[in-house]
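Per-entry structural report
Next come the chains, spelled out residue by residue.
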Amino acid sequence: MLPEIAAALGEGEPHRVENQLCEMVAALHPDLHFSLERGIRSIYAFVVSGQEDPRLRPYTDAWKAAAEPDTPLWEFHDSVPAVPDPTEVTVNLGATRVALADVRVHAQVEEGLVDVAVYHPALAGLEPSARAAMTFLPLDATLGERLAGERLRRVEAADTEPADSIGLLELRELVHRLAS
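Here is a short report on the structure shown in this document. (Residues numbered from 1 in each chain as written. Predicted model: local features only at pLDDT ≥ 70, side-chain atom pairs only at ≥ 80, totals over all residues. Heavy atoms only, no water.)

**Points about the sheet that holds strand β1 (residues 33-38)**
Within the open sheet, the three strands sit side by side as β1-β2-β3. Their pairing is mixed. Taken across any chain shown, the strands that pair with only one partner, and hence form the sheet edges, are β1 and β3 (74-77). Recorded for the sheet is a direction-independent mean angle of 20 degrees between the axes of neighbouring strands. In terms of strand pairing, β1 meets strand β2 (residues 44-49) through six bridges, oriented antiparallel. When the bridges of β2 are listed, Glu 37 appears paired with Ala 45. Lying on the sheet, helix α1 (residues 2-10) is in contact with β1, β2 and β3; it crosses β3 at an angle near 105 degrees. (Pairing = 2+ DSSP bridges. Helix = DSSP H or I, 4+ residues; strand = E, 2+ residues; numbered from the N terminus. Axes fitted to C-alpha atoms, helices over the stretch in contact; angles between N-to-C directions. Contact = heavy atoms within 4.5 Å.)

And the structure:
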C-alpha cells in the first residue's frame, strides 16, 4: 500500500487510505495506534505504537521486524520518535497555542529514572484532558515514546514554574546521559 499512501499524502488526501490502514493495524492488534508523519530521515514516516503498553510491545516489535528497510521515501517506527527540535513545535488546542519552547521541567533523578514536573503558562487554563495531554506530549516529543516510557517514572503538571527548572533540550541531554 505504500505507493497508494504516498500518493494520498502527496495530494493532501490522507483520508483516502485511512480506513484501510485502520483495518490493517487493528488486524495486528485492536489496541495499536498508527500515524503517518513527516519523516526524520525520509519524506514520510509510518508509526505503529502501543503507547508503551508492555503487553503490546511484542506486536510492535514484530511489526518493526517485518517492516521493509527505510528508504528515502519511507521510514518505519515501532513507537513515536522524538522530534529533532521540540522547541520548534507549537501545538494548537482550539484557540490556545502552546509553544513547546516555553515548557519548563523540574527533573529529579533517582536510581537511573527521572521524576518530572512539567510547566507551561497555558497548562493551568486547559481542561483536564487537554492538560494531561499537554503534560505528556512535550516529553514524548523530546525523548520519543519509548525512551520516555523507559526513563520517566513520575510525571505531573506544575501550576507554577518549579525552581531550578530546565528546558526540553536540557531534559533530553540528561535522559540520554542516563540511558548510555
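**Digging into helix α4 (residues 128-143)**
Compared with the 22 Å implied by 1.5 Å per residue over 16 residues, the 23 Å span of α4 between its first and last C-alpha is a close match. Three or more residues of α4 are buried, namely Ala 130, Arg 131, Met 134, Thr 135, Pro 138, Leu 139, Ala 141, Thr 142 and Leu 143. Where the residues of α4 are buried, they touch β4 (90-93), β5 (96-99), β7 (113-119), α5 (145-151), β8 (152-157) and α6 (168-179). Following α4 by one or two positions, Gly 144 adopts a phi angle in the positive range, close to 85 degrees. (Expected span 1.5 Å × (residues − 1). Buried < 20%, exposed > 50% of the residue type's maximum accessible area, 1.4 Å probe, protein only.)

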